[in-house]
Amino acid sequence: MQQQQRGGIKILKIVLSSYRVVSNSDTMNFGLRMVSEPDQAPIHSITLFVALLCACILIGHLLEKHRWINESITALAIGLCTGTLILLTTQGRSSRILLFDEQLFFIYLLPPIIFNAGFQVKKKQFFRNFMTIMLFGAVGTLISFVIISLGTAQLFKKLDIGFLDTVDYLGLGAIFSATDSVCTLQVLDQEETPLLYSLVFGEGVVNDATSVVLFNAILRFDLSHITSSSAIHLLGNFFYLFGASTALGIAVGLISAYIIKKLYFGRHSTDREVALMILMAYLSYIMAELFNLSGILTVFFCGILMSHYTWHNVSERSRVTTKHAFATMSFISEIFIFLYVGMDALDIEKWKIVSKSPGKSIGVSSILLGLVLVGRAASIFPLSFISNLTKKSQSDKIGFKQQIVIWWAGLMRGAVSMALAYNQFTRSGHTQLPGNAIMITSTITVVLFSTVVFGLLTKPLISFLLPRKHTMLPSDLTNLKLLNLPLLANGQDSESEMNGDHIPRPVSLRMLLTTPSHTVHHFWRKFDDSVMRPVFGGRGFTAHVDGSPPERIIH
């Protein structure tokens, strides 16, 4: 047994010693740089990393019954264990088998995650609560951004951190405004709490997009001397990026629907159909990056449009294939990110620099974590109060316990914060300056602490605040019925009309403002049925051809 262990350690040492970090001039600007022997080193590193991904999936499946232990925590734990083993076998030289580049995250790993979120979103609930989601995701993120930026600018001075300038403080505000609500979403029951699930899910996606847009807008301007004109210019650029990115995603989604509807690839080749959907989805993200827009917003709304129009234009086999393909790519990307974060947390290069001033590093991490808590509370509770003022029905209002869950869901920090921090404070995955090393290690500390500690406490907290109900109230049954209906009913004006009830149509501006949940959906359904779906296809509007799935045609 000892000989086998020595043999295994020897093999691992050979694998880990077979790669070295090289400069940008030695590479092709690819996200993962791992070169020593041209043929062997990349194969060794990739083999070990793929094996770790398989281990994450297997262990995550075995722990599936414990819903508070999700794939994120599992991947982090395996990454930490692997990093520790690598440190021991390399005698403290390195804990990583791959060198991280933020471009890998933004170009290859993030698009499938965000697109699948838009593709799988419950559109009925998302658009029913769209204004509240935008209030939390956009306005709430801006509030958190301001608090974190101002807080770090004031409190870091007391720690004698003189290496940060205005752009760095604003960058920290954007970095730590990006939330990660995966742990909460895995605990919440979508059928029992459709409103709460929709708000947490929708806010998480809009929040990530807003944080990245803010971060990119900050990098574009010289903010060493902030004036009123530069602040207005920054705000205008933010809204431009938001609007243009959304429009581009909608346009690409509609183009894909029109092409597939007219040519109907599925009659000739399902492979072409699936390939076109995947490539068009990725094209929307790359085009946004090409035009310096927000790829997150673009690919998210492209996913919504493709699920509403394009997906109904393809064959039945293509529907099943694309749905599982998008979910699988998103799943692997999420595991990859958290596995790497766990390994990178033990990177000896950064911790050697930080070890010279451990008190300062602990102070920075504590301040950032405290500002995250305060900024989140300052955005959720006041905005929930404002949102409730606009709600007429008591069932649509956000209760105090639900507000606590929403606040808690946004305390976790994850992959987006890590990628933005690497972008701001490293060069090609390395931290040459002591100040940058402190900021990276502090970001890792906040991400690990919030993901593991807050993540493990999520299930008991939600069980305490929102105990499961064995019997449903009539209002809950109504909400479930609304959730299960499609966003646009085929030929039906509303849910109540399907039951024989009649909703008075707006005859004045006052009625339009007092009953927006009914009238807005009613007018959108009319517009979609008469204009959009006849042109771009969708449920019930796809003409039958040989080899196509049976569709119900609306007359």
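Since this is a predicted model, take the numbers as computed values, not measurements.

Some words on the overall build of the protein
Consideration 1: Looking only at helices and strands, the protein features 22 helices and 2 strands.
Consideration 2: Per-residue burial for the protein yields a buried fraction of 52% across its 555 residues.
Consideration 3: Long-range contacts, defined as pairs at least 24 residues apart, comprise 81% of the intrachain contacts of the protein with a sequence gap of at least 6.

Focus on helix α7 (residues 166–175)
Consideration 1: Taken across its 10 residues, α7 has 8 buried, putting it largely inside the fold.
Consideration 2: Buried residues of α7: Asp 168, Tyr 169, Leu 170, Gly 171, Leu 172, Gly 173, Ala 174 and Ile 175, and no others.

Comments concerning the nonpolar core
Consideration 1: Grouped together as the largest cluster of nonpolar side chains are 127 residues, with contacts concentrated most on Phe 105, Phe 156 and Leu 339.
Consideration 2: Ranked by the residues each element gives to this core, the list is headed by helix α9 (residues 194–220), at 15 residues.
Consideration 3: Of all hydrophobic cores here, the second largest spans 6 residues; its members include Ala 257, Leu 305, Tyr 309 and Met 532.

Some details on the pattern of salt bridges
Consideration 1: Scanning the entire structure with this criterion turns up 3 salt bridges.
Consideration 2: Arg 376 is paired through a salt bridge with Glu 203; the nearest N and O atoms lie 2.6 Å apart. Taken together, the positions of Arg 376 in helix α15 (residues 358–389) and Glu 203 in helix α9 put the pair 173 residues apart, joining distant regions of the chain.
Consideration 3: By relative accessible area, Arg 376 is classed as buried at 5%.

Overview of helix α12 (residues 295–313)
Consideration 1: The end-to-end C-alpha separation of α12 is 25 Å, in line with the 27 Å expected for 19 residues at 1.5 Å each.
Consideration 2: In the structure, α12 departs most strongly from a straight axis at Met 306, where the bend amounts to approximately 45°.
Consideration 3: Burial within α12 is extensive, with 18 of its 19 residues counted as buried.

Observations regarding the packing of helix α3 (residues 71–89) against helix α13 (residues 316–344)
Two packed helices can be described by the angle between their axes and the distance between those axes.
Consideration 1: At a closest axis distance of 7 Å, the pairing of α3 and α13 adopts a crossing angle of 40°. It follows from the interaxial angle that α3 and α13 lie oblique. Relative to α13, α3 is oriented so that their crossing is right-handed. Taken together, the residues of α13 that come into contact with α3 (itself represented by Glu 71, Ser 72, Ala 75, Leu 76, Ile 78, Gly 79, Leu 80, Thr 82, Gly 83 and Ile 86) are Phe 331, Ile 335, Phe 338, Leu 339, Val 341, Gly 342 and Met 343.
Consideration 2: A per-class count over the contact of α3 with α13 returns 11 nonpolar, 5 polar and 1 charged.

Some points on the packing of aromatic side chains
Consideration 1: Under the criterion given, the structure shown has 16 aromatic pairs.
Consideration 2: Taking 5.6 Å as the distance between ring centres and 75° as the angle between the ring planes, the aromatic pair formed by Phe 449 and Phe 454 counts as edge-to-face.
Consideration 3: Its relative accessible area of 35% is what places Phe 449 among the partly exposed residues.
Consideration 4: The buried category is assigned to Phe 454, whose relative accessible area is 9%.
Consideration 5: Ring pairing ties together the aromatic residues Phe 381, Phe 400, Trp 407, Trp 408, Phe 449 and Phe 454, which thus form one cluster.
Consideration 6: Above the face of the Trp 311 ring, Arg 319 is positioned so that its terminal group lies 5.6 Å from the ring centre.

Some details on the state of the cysteines
Consideration 1: Within the structure shown, the criterion is met by 0 disulfides.
Consideration 2: The structure places no disulfide on Cys 56, whose sulfur is separated from the nearest cysteine sulfur, that of Cys 54, by 9.2 Å.
Consideration 3: Given the relative accessible area of 2%, Cys 56 is considered buried.

Quick look at the side chain of Thr 298
Consideration 1: For Thr 298, the position within the fold is in helix α12.
Consideration 2: By relative accessible area, Thr 298 is classed as buried at 0%.
Consideration 3: A polar contact of 3.0 Å, which involves the side chain of Thr 298, links it to the backbone oxygen of Ser 294.

Some remarks on the confidence of the model for the protein
Consideration 1: When pLDDT is averaged across the protein, the result is 75; 73% of the residues are at 70 or more.
Consideration 2: Note that residues 1–5 has pLDDT below 50 and, in this model, 0 contacts with residues that lie over four places away or in other chains.
Consideration 3: With pLDDT under 50 throughout, residues 7–40 is counted as low confidence; its partners more than four residues away or in other chains account for 56 contacts.

Criteria and cut-off values
Residues numbered from 1 in each chain as written. Predicted model: local features only at pLDDT ≥ 70, side-chain atom pairs only at ≥ 80, totals over all residues. Heavy atoms only, no water. Helix = DSSP H or I, 4+ residues; strand = E, 2+ residues; numbered from the N terminus. Buried < 20%, exposed > 50% of the residue type's maximum accessible area, 1.4 Å probe, protein only. Contact = heavy atoms within 4.5 Å. Core = buried A, V, L, I, M, F, W, Y, C linked by side-chain atoms within 4.5 Å. Salt bridge = Lys/Arg side-chain N within 4 Å of Asp/Glu carboxyl O. Expected span 1.5 Å × (residues − 1). Bend = angle between axes of the 7 residues up to and from the residue. Axes fitted to C-alpha atoms, helices over the stretch in contact; angles between N-to-C directions. Parallel < 35°, antiparallel > 145°, perpendicular 65-115°, else oblique. Left-handed = near helix turned anticlockwise from the far one by under 90°. Nonpolar A, V, L, I, M, F, W, Y, C, P; charged D, E, K, R; others polar. Phe/Tyr/Trp six-rings, centres within 6.5 Å; stacked < 30°, edge-to-face > 60°. Lys NZ or Arg CZ within 6 Å of the ring centre and 35° of its normal. Disulfide = S-S within 2.5 Å. Polar contact = N/O pair within 3.5 Å; in protein donor to acceptor, adjacent residues only side chain to side chain. pLDDT = per-residue confidence, 0-100.

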